[in-house]
Number of protein chains: 4
Amino acid sequence: MHKPCRRIWVTLLVFCSITVFAQPKPRARDLGIPFDGNPGTWNAITDVKGVEVGHTTLISGEGKLKVGEGPVRTGVTAILPRGKNSRDAVFAGWFSLNGNGEMTGAHWVEDSGFLNGPVMTTNTHSVGVVHDAVIQWKVKRGEPDMESYWWSLPVVAETWDGVLNDINGFHVKADDAIHALESAASGPVAEGNVGGGTGMICNEFKGGIGTASRVLSKKEGGYTIGVLVQCNYGDRNQLRIAGIPVGREIPASKIWDDDTGSIIVVVATDAPLIPTQLKRLARRVSLGLGRDGSYSGNGSGDLFIAFSTANPEAISSKGVRHLTMLPNDDLSPLFLATVQATEEAVINSMIAAETMTGINGKTVIALPHDKLQEVLRKYNRLTK
Amino acid sequence: MHKPCRRIWVTLLVFCSITVFAQPKPRARDLGIPFDGNPGTWNAITDVKGVEVGHTTLISGEGKLKVGEGPVRTGVTAILPRGKNSRDAVFAGWFSLNGNGEMTGAHWVEDSGFLNGPVMTTNTHSVGVVHDAVIQWKVKRGEPDMESYWWSLPVVAETWDGVLNDINGFHVKADDAIHALESAASGPVAEGNVGGGTGMICNEFKGGIGTASRVLSKKEGGYTIGVLVQCNYGDRNQLRIAGIPVGREIPASKIWDDDTGSIIVVVATDAPLIPTQLKRLARRVSLGLGRDGSYSGNGSGDLFIAFSTANPEAISSKGVRHLTMLPNDDLSPLFLATVQATEEAVINSMIAAETMTGINGKTVIALPHDKLQEVLRKYNRLTK
Amino acid sequence: MHKPCRRIWVTLLVFCSITVFAQPKPRARDLGIPFDGNPGTWNAITDVKGVEVGHTTLISGEGKLKVGEGPVRTGVTAILPRGKNSRDAVFAGWFSLNGNGEMTGAHWVEDSGFLNGPVMTTNTHSVGVVHDAVIQWKVKRGEPDMESYWWSLPVVAETWDGVLNDINGFHVKADDAIHALESAASGPVAEGNVGGGTGMICNEFKGGIGTASRVLSKKEGGYTIGVLVQCNYGDRNQLRIAGIPVGREIPASKIWDDDTGSIIVVVATDAPLIPTQLKRLARRVSLGLGRDGSYSGNGSGDLFIAFSTANPEAISSKGVRHLTMLPNDDLSPLFLATVQATEEAVINSMIAAETMTGINGKTVIALPHDKLQEVLRKYNRLTK
Amino acid sequence: MHKPCRRIWVTLLVFCSITVFAQPKPRARDLGIPFDGNPGTWNAITDVKGVEVGHTTLISGEGKLKVGEGPVRTGVTAILPRGKNSRDAVFAGWFSLNGNGEMTGAHWVEDSGFLNGPVMTTNTHSVGVVHDAVIQWKVKRGEPDMESYWWSLPVVAETWDGVLNDINGFHVKADDAIHALESAASGPVAEGNVGGGTGMICNEFKGGIGTASRVLSKKEGGYTIGVLVQCNYGDRNQLRIAGIPVGREIPASKIWDDDTGSIIVVVATDAPLIPTQLKRLARRVSLGLGRDGSYSGNGSGDLFIAFSTANPEAISSKGVRHLTMLPNDDLSPLFLATVQATEEAVINSMIAAETMTGINGKTVIALPHDKLQEVLRKYNRLTK
């Protein structure tokens, strides 16, 4: 009998949850894949000061699918714009490149201009439980929303892991979401088969969580852009790495017929942007995906949210707020950084992910590092 | 000890759940309030053939708030465009007049042009459980989505009943949502303190569920428009009935300082409209609310969805679809009917609602029928 | 021979252009029509400090339509957020209730969050000439856009005056647009058959330009909301004044079958709102039109733009901008004021407009003041 | 004295207007640049049956800028969805990736779902004259809109050619627009320095008009996608061709600091798509630009429109329309084709464009074919 191990993640963290500490695994640029721009310390969304990320990873069971029993290959990821101990909101904007997915809370992000709580990512059929869990978590902390409303409209997004995971078994529980929140930390971010990304597939290779960052030059303001993706989209034939359509030169079993799946992208920055500007930032994610070969197929839920950690207390209702705003004329370097970090975060998710076997013995292979290097070398596109 | 009675709604339906059968209670027009246009048989959203509505009403406990114990004044309403036994989708469009609320599934309605399942309404902090329950319900019926996808993106909307209801006690359970789905029926629709509307407040009087319909003349195509509202918005001072600002002439205790609350509006039609046209229909709801005096305050989540029951099998992926579409030139009567039915459905929700006492003994009074008639008579705006 | 008199408006201003000085004509509230809220000094958009309005009115010719010769019943109105001598931009947002109309420049308002120049209103077939004229006017002043771009994306909106005016004769010339800009002033705003509103029809009575304003209480911040409409929409049967469907009780010849026409609405405020908030303000215009009975028919181009004169130099690209922003929690009174001022501005346009005879002797009658008062008195809705 | 030659384009077409007949010039794929997918007969938007394209090219004068006199390097391009002799409309949708540009008529495309007339492209400061010219052209043909309205809301888009062209001299005249309309034809489409693209700059090389097409396999429905771009965006450092950042390896003088400029993209298809689906098609253009390295800088007006020539007479108001619609499940190949054709059309515009000297002797060089081939060969990305 294969019980999901969520009940034991506290004591047996090492077995069922990949920790938030950095892995010694190579990342995309360690393999010699060329990327433009200058990454931050961890080349992660956490390079934006204050941002914390937590994962709950649920892996248990093997073999034949028994709905409700497993196998379980799923999880939850929490991204907290100002860290888990802050109750302050951030300015935010969002964009839907293809709406075949869920991102709850988006209507109020759109109109209020604020993201007031974490962004949670999980599997498609666990959106509800995670949604309610965020409210429970807030209530337990005695937290009315910072807006002085008494209600919460959590932001929960998803991609579909039903190829590997018993998605209709509803294995994610409220405590799993709360664990992701409570374990969130700054520093390096675990990538690949972790958190909400555990069972995901990207360009028909194993995918999952990926992240990257860019730091602008001093002349451009010195701001940081961090991107985190839960990557589950794509068509191997279209996959481009460093501009090369490498997918078609690396054999793997066909998983779907077109760009099915989905990708959730979270963009963080410390640049003082107002919501209108953050919406534009979110829209640039499309161009990063374009570089990686995405064509956003009908079945893909491609939903992006961007926030700025500048302007603390902007949401306070205690009198007229005093804000800072970057001139529109200074946005282009941030747009470019968003494109670059998105391009890299997607590849990072695939480089970190490991081959996984899930329901009914279905195996999705990791993108083979050596084969990838071989193809890029053929095109003179490897830096080492 | 005040346990919510959800576990006994099957056997004790009469005590804790207002049934879906029509009440002998008067409706707005029975009181002599003048409304334009020609309503359908039941003056309800169910006048659109195929549409079914089901409520689960949870009322239990009294006195002091004990989070998790009650008092409970809440519920779930299910609107099924083609009835609970159909797995076919409908063309749909949606609109956010003010995004301070939740309507999950909206991103895919926007991009696919389809609503593929029920619209559920409940309280703000029960969105998650209802969301997952709809997926469970679909899974139990062995239902892959009609789109031949394997995922579901349920449409669940909410308003906030925390003045009367122990909203942080999470009293709505998955079974309550499923009960609303399974008990859905055509015919008269229960209004007022039922289903998702149980604990709601409208223009500082007791609100809840309301409905109305319009049938176009033969020359205009003979189509039906049905509207259902979960009404929880508004400011008594602005309330207009039959154009008269009656609210300020009917004393009631102040509940909030401005147009707080929310309103969810579902518009159904049998006219053959494509998604672009349904989005326009949804936008007209604003004008109906305008007639009733709404100014859509910052705290109000005013989210509207419109669907058409024409074009069955439009979602099928078996080859090119053959559709019918009403010319844009013929839309104006449908727009007017939507405005008229919205105007009336809001008033119907208030006329049907009954005075309710909830947490901490807080009482919200029903709009007094006789006093309302008295005011309207003063302005020569009563038809009887 | 009926030549448009545009060549002589400088010397014979009195004959062919109604001046911008206030008329001794009664306005809606002078007739005893009740409106809520507290208007500013002039009950006009110009109550928002800095806002200037200028009209060019072109009236010439009579009798049979000869395309290119007349009769001419048209014009141009210019609204300058910071007055004609400022080159500074304002934060802005816009909304389309029904897109059957033109408002150029809206895409950049949407993305930049700025309105960088005047809002011009004219007839549908003169959008182009006015568009180019605004660029010429800027070029002549040696003005690169404040954004330090070298291009201009003028905001020009329109409604259709082809019932009374030889609209395909293209009688508006670049100089007419420039005259509207150069003659713009603060103070009372001429209403009715002036400027872009000259030949317009509102609810099947003579319409045109209307304006109104509201001043919030000190407790609410003391801000001003000003609204200006170019009113050409509506269906007499639906027209509500003070909530009473007066249109159907005042005989007039039928002009169209449904809510044809259009309405352009400009909302100004001195409250420190950012673009996200101004977009929400623009959306509230719908609720004001709802109060007046609009259902926004298919043929109606209902386009609204809102701007804030706070935050001067926000558009400057000289380093990080320092802004002020009203908390979202404080927006509701501004939303209500927008609804109220819109409701009144529409009625003001009809009260000010005078019966006009245009092409082929077609006459559109003004809303008869005495008859209107008689109807409102019957419903006990006249304040005097 | 340098007069623009527009007065003589009829007789001296060969000197001042590049004809619409195909040039023997190589196109991108002739140089061995690899592109995916299967192009149509002309690898042009005109591969979609019925689509016609016409250019008016205005080139005259040299040397120092004298505003109003020249030098002139500009023009107009007309794209007619069903050809110049049809008065029927097409279903359409549009998208703004970055709104720093103009596309008039978009609001009604959005709401009506129809494009009712040509798409015109020109320079930024000639939008007005072209807008009015389209109305004149319609009026001359005795054409009320097919919608049976009496007004026109032309679609006119622009990019800015002020580096090479005396843009404030307003050299485009109404007759130039009408000439583009009247000379429109099917067959090969002239690219590069023609029509609206005459003075445009793309990725800091000479740009202009480009086009490409894709034909789906029989299994995918056999539909055609055609794309036409007026290409004026981009940053040489980011330019990617066949995925290789070639721009930084080909020396050229710096023109701007970031992704300034703009790009207008028109997507045509014969697949039976409804407006919701066409809007999604338009959004995919972003992904094609992403492949070419765009990051859509703040100064870039990136506006896209997509239409379908299927469903003739859909706009007719004579009773309920009978339509065909491709299932959403079948859209992915069309999305991919749009991405591929966009990727190629941009490169085609640069390959076709020739070095041009404009105002004040400013020269913008064409992308050197041999140097480009050399770079691609280095990366093993040349097919010949």
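A few points on the structure. (Residues numbered from 1 in each chain as written. Chains lettered and ligands numbered in written order. Predicted model: local features only at pLDDT ≥ 70, side-chain atom pairs only at ≥ 80, totals over all residues. Heavy atoms only, no water.)

**Notes on the pairing of strand β3 (residues 90-99) of chain A**
Residue and element names in this part refer to chain A. Across the 10 residues that make up β3, a large majority, 10, are buried. Sheet topology note: the β3/strand β4 (residues 114-115) ladder contains 2 bridges and is antiparallel. Its bridge partner lying in β4, F91 is registered against F114. As paired elements, β3 and strand β12 (residues 300-308) share 8 bridges and run antiparallel to each other. When the sheet's bridge partners are listed, N98 is paired in β12 with D302. (Buried < 20%, exposed > 50% of the residue type's maximum accessible area, 1.4 Å probe, protein only. Helix = DSSP H or I, 4+ residues; strand = E, 2+ residues; numbered from the N terminus. Pairing = 2+ DSSP bridges.)

**Points about the interface of chain D and chain B**
Opposite the 31 residues of chain D that make contact, chain B presents 31 residues. Surface buried jointly by chain D and chain B totals about 2,400 Å² across both partners, of which 53% is contributed by carbon and sulfur atoms. Counting the surface chain D buries against chain B, the share from its top three residues, D:D111, D:M325 and D:D329, is 24%. The interface formed by chain D and chain B contains 2 salt bridges. The salt bridge partner of D:R283 is B:D111, with a shortest N-O separation of 3.0 Å. (Contact = heavy atoms within 4.5 Å. Buried area = accessible area lost by both parts, 1.4 Å probe. Salt bridge = Lys/Arg side-chain N within 4 Å of Asp/Glu carboxyl O.)

**Some thoughts on the sheet that holds strand β12 (residues 300-308) of chain D**
Residues and elements named next belong to chain D. Strands sit in the order β4-β3-β12-β11-β10-β9 across an open sheet of 6 strands; the sheet is mixed. Both outer strands of the open sheet, β4 (114-115) and β9 (208-215), are each paired with one neighbouring strand and no more. Across 8 bridges, the pairing between β9 and strand β10 (residues 224-231) is antiparallel. When the sheet's bridge partners are listed, T211 is paired in β10 with L228. Sheet strands in contact with helix α5 (residues 275-291) are β3 (90-99), β10, β11 (261-269) and β12, and its direction is about 40° off that of β3. (Axes fitted to C-alpha atoms, helices over the stretch in contact; angles between N-to-C directions.)

**Quick look at the environment of A:I59**
Tracing the backbone through its elements, the reader meets A:I59 in strand β1 (residues 52-60). Looking at A:I59, the relative accessible area reads 32%, which means it is partly exposed.

**Quick notes on the state of the cysteines**
Residues and elements named next belong to chain A. Enumeration according to the criterion identifies 4 disulfides over all chains in this entry. There is a disulfide in this structure between C202 and C231, and the S-S distance comes to 2.4 Å. One end of the pair, C202, is in strand β7 (residues 201-202); the other, C231, is in strand β10 (residues 224-231), with 29 residues separating them in the sequence. With respect to burial, C202 and C231 carry one shared label: buried. (Disulfide = S-S within 2.5 Å.)

**Thoughts on the interface of chain A and chain B**
Opposite the 40 residues of chain A that make contact, chain B presents 40 residues. Buried surface at the junction of chain A and chain B, both sides included, amounts to about 3,300 Å², of which 62% is carbon and sulfur. The interface formed by chain A and chain B includes 16 residue pairs in polar contact (both at pLDDT 80 or more). In terms of residues, the side of chain A that touches chain B owes the most to one element, helix α3 (residues 127-140) of chain A, which gives 8 residues. Class assignment for the residues of the side of chain A that touches chain B results in 17 nonpolar, 19 polar and 4 charged. (Polar contact = N/O pair within 3.5 Å; in protein donor to acceptor, adjacent residues only side chain to side chain. Nonpolar A, V, L, I, M, F, W, Y, C, P; charged D, E, K, R; others polar.)

**Comments concerning the packing of aromatic side chains**
In the structure shown here, the tally under the stated rule is 14 aromatic pairs over all chains. Relative to D:F95, the ring of A:F95 lies with its centre 5.9 Å away and its plane at 35°, an arrangement referred to as tilted. Within this pair, whereas A:F95 is found in strand β3, its partner D:F95 is found in strand β3, the two belonging to separate chains. Each member of the pair, A:F95 together with D:F95, is buried. Connected via pairs of aromatic rings, a cluster forms that spans A:F95, A:F304, D:F95 and D:F304. Looking at C:R284, its charged tip hangs above the ring of C:F335, at a distance of 3.8 Å from the centre. Between D:R141 and the ring centre of D:W137, over which it is positioned, the NZ or CZ distance is 3.9 Å. (Phe/Tyr/Trp six-rings, centres within 6.5 Å; stacked < 30°, edge-to-face > 60°. Lys NZ or Arg CZ within 6 Å of the ring centre and 35° of its normal.)

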